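Residues per chain are reported as follows:
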Amino acid sequence: MEIINNPISDIEDYIENSDRNELPELNIVIIRNITIEPIKPYLEYLSLCMEHKLNLKFGEYDNVIQDVLTNTELLQNDTDCVMVFLKLETLSPSLAYKFTELDNNEVHKEVELVKSYIHGTLSGIRSRVNALISWHGFELPLYPAFGMIDFKDDSMQIAVINELNNYVKEQLSLYENCFYIDLNNIRSLVGAKQYYDNRYWHIGKAPFTLDALKEISMSNFRLLRALKGKNKKCLVLDCDNTLWGGIIGEDGLSGIKLSTNHPGSPFYEFQQEILSLYHRGIIIALCSKNNEDDVWNVLDNHPDMLIKRKHISTAQINWQNKAQNIQQIALDLNIGMESLVFIDDNEFEINLVNEMLPDVQTIHLPKGKSVEYKTILASCGYFDTLSYTNEDKDRGLQYKAESIRKNHHNNFCGNIDSYLESLEMEVSVDIAEDFQIPRIAQLTQKTNQFNLTTKRYSESDIKDYCEQSDYEVFTMKLNDRFGDLGIIGCSIINITDKNAVIDTFLLSCRAIGRGIETVLLNSCIEKVRSNGVSEINAFFKQTNKNSQVKNFYENHNFIVIEQNDEEGHFTLGANDSIPKNPSYFKHVKTTN
Amino acid sequence: MIEEKLKKIMSKILKISVEDITVDSSPDNIETWDSLQHMNLVLGLEQNFNVSFDDEEIIQLLSYEIILATLEEKL
C-alpha cells in the first residue's frame, strides 16, 4: 500500500499496468453535491490492493434527491457501496455562511429542511439498493460563526452542526449496512491546514486536497475490505525489538526495555494496542527466533508484560526460517495466509516473507522508531469488521482452545474417530433467530475455505432470507470438551413447491475436519423432504480457496449433473439415501 | 533546466510524449488535458518546482508557453 503516498501519476501508472481482467468488480456509486472526481485514482488503487477492479459511477453534481429517486441507471442491484458526500456549504448556505443573521426560528426551520433532505436521501438509497452506504458527516467549521463563545450555547453553530451529524448517525442506525464516516476525524488526521484546497473549492467546487482524498479513501476501504471478507484475522508478532526493546537471549529479563517509563514505554503502549485488537477478536500468534523458554519466561514473569501466554493462540519459537514458521502458524489455526499480518522490526525477515509468502501482509517496524509502533499498528486499517459480536470477543479464547485441541491430537496415536469421540462434541442445528443475523452475515463475509458458493451477504440480506417464506436459514452450533465454539456453520436453502436449492452452505475454518458438515447437510435435506419437495439442487463455485469442498456433495451421495473446473451442479432425488451422521458425536440436535 | 523538467512533468501527467509538447500545447489540442488533469498538472508542478499558484493563476495556466513563463517568473 506504499504507492498511495506517491504522486497521482505514479498511482495511475500502477493501475494502468496492472492486469485487472480476472478481478471481481467493486461497484461504487458516489452521490454528491461537490466535485470529487479527483478521488478516483485512490479508490482504484485501493481496490487493486484488495484484488478487485473498481467500477465507479458519479451521480450528478448536486442533484442528490433526483439521482436517488429517479436515476435508474445509477443505483443497481450489483452496487456494492454508495458513498454520500453532502457538504453543508452547498446543502445549506444559511447554516454554513449566514448563521449569525438567523434568529432561532429560522435556524430551526433550516435544520428541519436539512434533516428531511438527509432522510429523503438515505431512505431513497435504501429503497433502491442494499449496498453498503458510507455517509460522510458534516465538518465542524474551523472558525465557528460566534467565534470563541460558539461552543457555549445549544443554539449556536457548532451545536447545530453536531445535532445534524447526530441526526445522520441516528438515521443510519435505522437501516442495516450503513456507516458514518467522521470527516472531522479525517480532517484531524490530515491536519486541517492540509485538508482544504480553497483555490479549487472556488474554481471548481472541489474542496479537498489530495492528502484529504487519500485519507478519505483509506477510511472507506477499511469498510470495503471488511465487506468483501478481505479484512485480516490474525496478527503474527516477532518478539525481540518488537514486543520489547532489546534481545531477550542477550539482555535477559532485567535488561530488555519494557515498562511504563521511557525507554520501555513505547513497547508497553504497543502491547496495549495489540491487546486492544485481541479483545476485538483478532487472533495473536508469535513467530520468533529464540529459545522457547526465554520467550515464555518474559510472558510469564516480566512485571510489565501485558501480553500473556493466554493471549497467544499459537507460537513458532525456534531457529527455522520465518516463512516456514508462518506457514505452520496458518496451518495450526486453519486459516489462509491472506488472513495474516506479520509484524517484525527486521527488514530481512519482512523481505523474506514478502518473497516467499506474498499473500501475507507485512508491517515493518522501523529501527529507532519504537515511539511510532503503536500508531503504525493502530492506523494500518487491516482489522476493521462491519460488526462486533460475542463470538468476536471470545475468539482468542476459542483459537487458544483449538490449539490445545490440536496438541491433544498430537498425543493421540489411535484412529481418528476415537480422537473425535474423545472431544465429546455436541452439535446443534437450528433455524436462525434474529439475534444471530449479524453472526451469520459475518460468516458469509469471512468464510473462504469450506464455502460451497462463496456468496457474501450483509445483515439486511440475511434478514430478508429469514423473513421470506420460501427460504430457510440454518445455523449450526458446536461445543466440545474444551469450550463452546458458538455458531460455526450456516446454510441458506430456497424451498419452493417444486424445487429446493442450497444457496449457501459453509463451515467456519476452525470447525473443519470433524464431520459436522454432514449433520448440517442432513438437516437441510430432512427439511426439504419434510416440505414435500423431491429434488434438491446444490452448487459448487470454485475459488482459489475452496477446492477442498469440490467433491463435498458428491461424497454425500448427491449425483453430479455437471462439473467442470469452475463449477459443479449436484442433485439428490427423493429416494436417494443420505449418509448417516457420524457416530462419534456426544449429542446431535437438529430442527426435525 | 526548467523547460526539460516542465515537459517531463506534462508528459507524465497528460500521458503524451515529450516530443509532442510544443509552445502551443493546450487543452484545445491535447485530448487528455481536461479539467481533472489540469488540476493534477497544477498540483504536480507545485510539488516538483516547489512553487505555489493562486486561484487566478491556476485558471490562466492554459498553454505550455504560459506555464513556462509563469514558472520562470516564480523561480
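Just above sits the structure.
Keep in mind it's a predicted model, so treat the numbers as computed, not measured.

Peer 1: Which residues make up the overall build of chain A, and what values do they have?
Peer 2: From N to C terminus, chain A includes 23 helices and 19 strands. Against the globule reference of 25 Å for 592 residues, chain A gives a C-alpha radius of gyration of 27 Å, in line with a compact fold. The principal-axis extent of the C-alpha atoms belonging to chain A is close to 85 × 70 × 50 Å. Considering chain A as a whole, with its 592 residues, one finds that 55% of them fall into the buried category. Summarising the internal contacts of chain A: among those between residues at least 6 apart in sequence, 71% fall at separations of at least 24. Counting only carbon and sulfur atoms, one obtains 45% of the accessible surface of chain A, whose full area is about 26,000 Å². If the 57 positive side-chain charges of chain A are averaged to one point and the 85 negative ones to another, these points end up 2 Å apart.

Peer 1: Now, about the packing of helix H1 (residues 2–14) of chain B against helix H4 (residues 64–74) of chain B: what can you tell me, with residues and values included?
Peer 2: Residue and element names in this part refer to chain B. At a minimum axis distance of 11 Å, the contact between H1 and H4 shows a crossing angle of 130°. With respect to H4, the element H1 is oriented oblique. Here the hand of the crossing between H1 and H4 comes out right-handed. The segment H1 lies against H4, with Ile2, Glu3, Leu6, Lys7 and Met10 engaging Tyr64, Ile67, Leu68, Leu71 and Glu72. For the contact of H1 with H4, the per-class residue count stands at 7 nonpolar, no polar and 3 charged.

Peer 1: I'd like a rundown of the sheet that holds strand S5 (residues 178–181) of chain A, residues and numbers included.
Peer 2: Each strand in a sheet pairs with another by means of backbone hydrogen bonds, the pair being arranged parallel or else antiparallel. Residue and element names in this part refer to chain A. The strand order across the open sheet built from 5 strands is S2-S1-S3-S4-S5, with neighbouring strands paired in parallel fashion. Each edge of the open sheet is held by one strand with a lone partner, namely strand S2 (53–61) and S5. For this sheet the average axis-to-axis angle between neighbouring strands, irrespective of direction, equals 20°. In the sheet, strand S3 (residues 81–85) pairs with strand S4 (residues 132–136) via 5 bridges, with the strands oriented parallel. Counterpart to Met83 in the pairing with S4 is Ser134. In the packing of helix H10 (residues 210–227) onto the sheet, contacts are made with strand S1 (25–32), S3, S4 and S5, and the angle to S4 comes to roughly 160°.

Peer 1: Run through the packing of helix H11 (residues 248–255) of chain A against helix H13 (residues 292–301) of chain A, naming residues and quoting values.
Peer 2: Residue and element names in this part refer to chain A. Their axes nearest at 10 Å, the elements H11 and H13 cross at an angle of 15°. By the angle between their axes, H11 is roughly parallel relative to H13. As for the relative orientation of H11 and H13, their crossing is left-handed in sense. Contacts between H11 and H13 involve Ile248, Gly249 and Leu253 from the first element and Asp294, Asn297, Val298 and Asn301 from the second. Residue composition of the contact of H11 with H13, grouped by class: 3 nonpolar, 3 polar and 1 charged.

Calculation notes
- Residues numbered from 1 in each chain as written.
- Chains lettered and ligands numbered in written order.
- Predicted model: local features only at pLDDT ≥ 70, side-chain atom pairs only at ≥ 80, totals over all residues.
- Heavy atoms only, no water.
- Helix = DSSP H or I, 4+ residues; strand = E, 2+ residues; numbered from the N terminus.
- Rg over C-alpha atoms; globule rule 2.2 N^0.38 Å.
- Buried < 20%, exposed > 50% of the residue type's maximum accessible area, 1.4 Å probe, protein only.
- Contact = heavy atoms within 4.5 Å.
- Areas by Shrake-Rupley, 256 points an atom, 1.4 Å probe, with all protein chains shown as cover.
- Lys, Arg positive; Asp, Glu negative; His and termini not counted.
- Charge placed at Lys NZ, Arg CZ, Asp CG, Glu CD.
- Axes fitted to C-alpha atoms, helices over the stretch in contact; angles between N-to-C directions.
- Parallel < 35°, antiparallel > 145°, perpendicular 65-115°, else oblique.
- Left-handed = near helix turned anticlockwise from the far one by under 90°.
- Nonpolar A, V, L, I, M, F, W, Y, C, P; charged D, E, K, R; others polar.
- Pairing = 2+ DSSP bridges.

Nothing here speaks to function; it is geometry throughout.
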